[in-house]
Amino acid sequence: MNQKYLAFVPFIIGVYLLLISLHLIKYNNFIIFITIIFIALLILIYKLNLNNRIEKIMLKSVITNSIYEIEIDNQKYYFIGFRIIGKENNEGKIDYNSELQLAIDTIRRNKERHLKIAIVTLLDPSPGSAIIFYAKKDNDYESFRNETILTKNMIESIAPHITLEPVELKTDTVFPIPKLLGSVSYGGYVGQMKYDIKANRVVIGEYDIELGNIIDATELPVGIRSNDVFRHIGIFGSTGSGKSNTAAIIADELYKKGFDVIILDWHGEYKNLLPKFNLYNNKNYLVLNPINMDDLTTMDITELIGDVLELTEPQKFILYLGLEALNQMKEFSFKSLLQIISANIPDNTYMQRDIKFALIRKIIMIFSGLGEKLFSSESGYTYLDLGEKLRGGNIIDLSFIRNIKLRKLYGLMILKFLLEYVIETKNRDRKIFIIIEEAQNYFSQVNTVINRALQEIRKFNVGLCIISQSPSNVDQEVIKNTSIKIIHSIKSNVDKKVIADSISLEKEEIQILDKLDVGEALLVAPNLRKETLIKVKKVA
Ligand SMILES: Nc1ncnc2c1ncn2[C@@H]1O[C@H](COP(=O)(O)OP(=O)(O)OP(=O)(O)O)[C@@H](O)[C@H]1O
Ligand SMILES: [Mg+2]
């Protein structure tokens, strides 16, 4: 870039020498003109240089709790800026300058100090004085942070009319960096921000389930209200971002408050997180009896099986007839279902035969082996039995079901049973909380059975916690219908967009979503006035 502009100089001189030789311009004017051009070029080059420098820092800055980690000339620094604000009062004129000077002098005399301080002028977004603390990154983050808090408190107590407010860095903030830090004199922070923390703006409402702490200098505890869980929770984030840990914290608190908690544990993660809960797994699984339901429900069950097995409409119809017949017999087993379909469904034409055998093949694939054991009318729980059985804290480990289609069907059936139980018994005396891991398997756009049931359970003290690592595959209406959203780190752009749309995030906030660490999350809840960055604690 610079070379390009330098090359311009001989060109301009050439043009003007030509103009002089043709007597189109006088020599005196030429000197003045050249000087102006030269100064303009110097300014341009300086600005370009500045921009390049800024970029160099920007690319490497990350922020936590308003503290930046920046790299200049291969040396890493921690860095935090505070706007210097003078408090107004009625005591007459105050000499802010000498107050500040006194404070700074006192701190400079402290030999123990690792962090350096400098007063600078803040250029953007609005001009003013600022003080920055920085230290080489040889020390750990915690000690820098502690020293920052200590130093800030000291300055504020020595200079009682001055407040230091962490600089809210916008994408276009330009910050002067003292020479001491190296050869770079200006830093800007564009796009690479880790968080933009709007500290003092968060108003923490009441809560009775503590989730963790706000990420800012205050680190105030923060949480949600147990009454809000009936308007459902969504927990989203890429794999390993801390979703299950967060869900386990909520589950544990609600259990202590007398909720019946049921976890549909897709990957078998909760046994260690919640050791006190009842565990249903391969040694102790719940057998389901999917008959004794009314016509409408048989239709729903057909839809669920149809969705999981990817049945065609004619296949679904035959399955429906088979289930209806089973319902009349008040008996269910995989064999009787197959017998009914084989015996009662005509196969006079090629087409009928194709439909029938394709269906039978799909049913055998899922209902033989383990599938046969999971569904039975002899030893199985009806939806009413299941609802009664699952009191207290319960983990239903689904991970022992290797066949993913079967796992999905079994999980869907349990969910359907529970929702049916709630609607049928008009549950009001129990508080039920259901955690659904890998929710995209239950609330897809294709399958509306569960989405519909969700509408019906509104009045009945049931809260759902929908967890997914790919929210873009969950029905958007379902996401919109969760009043509490806990959004851990999300890497995929599609998923980020879906979440951002559902809570109308601003552009800067969307950028935060892929930079969160494990356990950090954006919390949206009715008791908080605006979305808040939090660090969730680890489950005990
Ligand atoms: N708040 C937290 N603080 C510290 N460590 C955490 C926190 N949350 C989770 N972890 C740790 O991070 C790891 C992943 O957490 P977790 O299993 O909850 O993530 P996940 O989002 O459920 O992942 P997956 O999608 O794979 O199920 C675990 O080892 C867990 O101990
Ligand atoms: Mg998990």
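Look up: the structure comes first, before these words.
Everything quoted here is computed from the prediction, not taken from an experiment.

Peer 1: Kindly report on the overall build of the protein chain, identifying the contributing residues and their values.
Peer 2: Helix and strand counts for the protein chain come out as 17 helices and 19 strands. Every one of the 540 residues in the protein chain was classed for burial, and the buried ones make up 53%. Once local pairs closer than 6 in sequence are excluded, the contacts in the protein chain between residues at least 24 apart make up 71%.

Peer 1: Explain the site of ligand 1 to me, and be specific about the residues and the numbers.
Peer 2: Within the structure, ligand 1 sits among 15 residues, and T239, K243, S244, E269 and V536 are positioned closest to it. Within the backbone of G240, a nitrogen or oxygen atom sits 2.8 Å from an oxygen atom of ligand 1. One of the backbone N or O atoms of V536 is found 2.6 Å from a nitrogen atom in ligand 1. Protein chains shield 70% of the accessible area of ligand 1, which is 630 Å² for the free molecule. Every element with two or more residues in the shell around ligand 1 is listed here: helix 5 (243–256) and strand 19 (532–536). Sort the elements by how many residues they give to the shell around ligand 1 and helix 5 lands first, with three residues. Here the shell around ligand 1 is built from residues that sort into two nonpolar, eight polar and five charged.

Peer 1: A description of the nonpolar core should follow, citing residues and the corresponding values.
Peer 2: Formed by 86 residues in total, the largest nonpolar core has its most connected members in F375 and F443. No fewer than three residues from each of domain 3 (209–273 + 393–536) and domain 4 (295–371) sit in this core. Those residues in contact with F375, other than ones at most four positions away along the chain, are V287, L288, P290, F332, F367, L406, L409, Y410 and M413. Core analysis: the next-biggest nonpolar cluster, separate from the first, contains 36 residues, I214, I224, I395 and A525 among them.

Peer 1: Go over the sheet that holds strand 9 (residues 209–214) with me, naming the residues and quoting the values.
Peer 2: Read from one edge to the other, the open sheet built from 11 strands follows the order 10-9-19-18-17-11-16-15-12-14-13, with strand pairing classed as mixed. The sheet terminates laterally at strand 10 (221–224) and strand 13 (278–280), the two strands that pair on one side only. For this sheet, the mean angle separating the axes of adjacent strands, direction not counted, is 25°. When strand 15 (residues 432–436) meets strand 16 (residues 462–468), the two strands line up parallel, connected through five bridges. Each residue of the ladder has a partner; that of F433, found in strand 16, is G463.

Peer 1: Describe the side chain of T246, and please don't skip the residues or the numbers.
Peer 2: Within the secondary structure, T246 sits in helix 5. Discounting residues that sit within four places of it in the chain, T246 has contacts with I235, I486, H488 and V536.

Peer 1: Go over the coordination of the magnesium ion (ligand 2) with me, naming the residues and quoting the values.
Peer 2: The protein atoms that coordinate the magnesium ion (ligand 2) are S244 (OG), E269 (OE) and E269 (OE), at distances spanning 2.0 to 2.7 Å. Residue S244 is located in helix 5, and its partner E269 is located in the loop between strand 12 (260–265) and helix 6 (270–273); the two are separated by 25 residues in the primary sequence. E269 gets classed as partly exposed once you look at its relative accessible area, which sits at 32%.

Peer 1: Lay out the environment of F443 with the relevant residues and their values.
Peer 2: Mapped onto the elements of the fold, F443 is located in the loop between strand 15 and helix 14 (449–456). With 32 residues separating them along the chain, F443 and D475 place their C-alpha atoms 5.7 Å apart.

Peer 1: So what's going on with the environment of E165? Residues and values would help.
Peer 2: Looking at the secondary structure, you find E165 in strand 6 (residues 162–166). Between the C-alpha atoms of E165 and R83, which are 82 residues apart in sequence, the distance is 5.2 Å.

Peer 1: Residue-level account of the packing of helix 8 (residues 313–329) against helix 9 (residues 334–344), with values.
Peer 2: Where helix 8 meets helix 9, the closest approach of the two axes is 9 Å, and the angle between their N-to-C directions is 120°. If you check the angle between helix 8 and helix 9, you find them oblique. Between helix 8 and helix 9 the crossing geometry is right-handed. On helix 9, the residues that touch I318, L319, G322, L323, A325, L326 and M329 of helix 8 are S336, L337, I340 and I341. Here the contact of helix 8 with helix 9 is built from residues that sort into nine nonpolar, two polar and no charged.

Peer 1: So, the pairing of strand 16: which residues are in play, and what are the values?
Peer 2: Of all seven residues in strand 16, seven are buried; the element is thus mostly enclosed. Burial of the side chains of strand 16 extends over both faces: V462, L464, I466 and S468 are buried on one face and G463, C465 and I467 on the other. As defined by bridge partners, strand 11 (residues 233–236) adjoins strand 16 across four bridges and the pair is classed as parallel. Residue pairing across strands places I233 opposite C465, the latter belonging to strand 16.

Peer 1: I'd like a rundown of the packing of aromatic side chains, residues and numbers included.
Peer 2: With the rule as written, the count across this model stands at six aromatic pairs. On the numbers, 6.5 Å between centres and 75° between planes, the contact of W266 with Y442 is edge-to-face. Residue W266 is located in the loop between strand 12 and helix 6, and its partner Y442 is located in the loop between strand 15 and helix 14; the two are separated by 176 residues in the primary sequence. Like W266, the residue Y442 is buried in the burial classification.

Peer 1: Explain the pattern of salt bridges residue by residue, including any values.
Peer 2: One pass over the full model with this rule turns up 16 salt bridges. With a closest N to O distance of 2.7 Å, D260 and R430 form a salt bridge. A residue pair is termed long-range when its members are at least 10 positions apart, and D260 in strand 12 and R430 in the loop between helix 13 (404–425) and strand 15 qualify at 170 residues. Its salt-bridge partner being K316, residue E313 comes within 3.1 Å of it at the nearest N-O pair. Here K316 and E313 lie together in helix 8, a separation of three residues that amounts to about one turn. For E313, a relative accessible area of 55% puts it in the exposed group. Beyond isolated ion pairs, a larger network of salt bridges with shared partners links R225, D228 and R231.

Rules behind the numbers
- Residues numbered from 1 in each chain as written.
- Chains lettered and ligands numbered in written order.
- Predicted model: local features only at pLDDT ≥ 70, side-chain atom pairs only at ≥ 80, totals over all residues.
- Heavy atoms only, no water.
- Helix = DSSP H or I, 4+ residues; strand = E, 2+ residues; numbered from the N terminus.
- Buried < 20%, exposed > 50% of the residue type's maximum accessible area, 1.4 Å probe, protein only.
- Contact = heavy atoms within 4.5 Å.
- Near = heavy atom within 4 Å.
- Polar contact = N/O pair within 3.5 Å; in protein donor to acceptor, adjacent residues only side chain to side chain.
- Areas by Shrake-Rupley, 256 points an atom, 1.4 Å probe, with all protein chains shown as cover.
- Nonpolar A, V, L, I, M, F, W, Y, C, P; charged D, E, K, R; others polar.
- Core = buried A, V, L, I, M, F, W, Y, C linked by side-chain atoms within 4.5 Å.
- Domains from an automatic or database assignment.
- Pairing = 2+ DSSP bridges.
- Axes fitted to C-alpha atoms, helices over the stretch in contact; angles between N-to-C directions.
- Donors = N, O, S within 2.8 Å, 3.2 Å for Na, K, Ca; no water.
- Parallel < 35°, antiparallel > 145°, perpendicular 65-115°, else oblique.
- Left-handed = near helix turned anticlockwise from the far one by under 90°.
- Phe/Tyr/Trp six-rings, centres within 6.5 Å; stacked < 30°, edge-to-face > 60°.
- Salt bridge = Lys/Arg side-chain N within 4 Å of Asp/Glu carboxyl O.

By themselves, these observations are geometric and do not establish any function.
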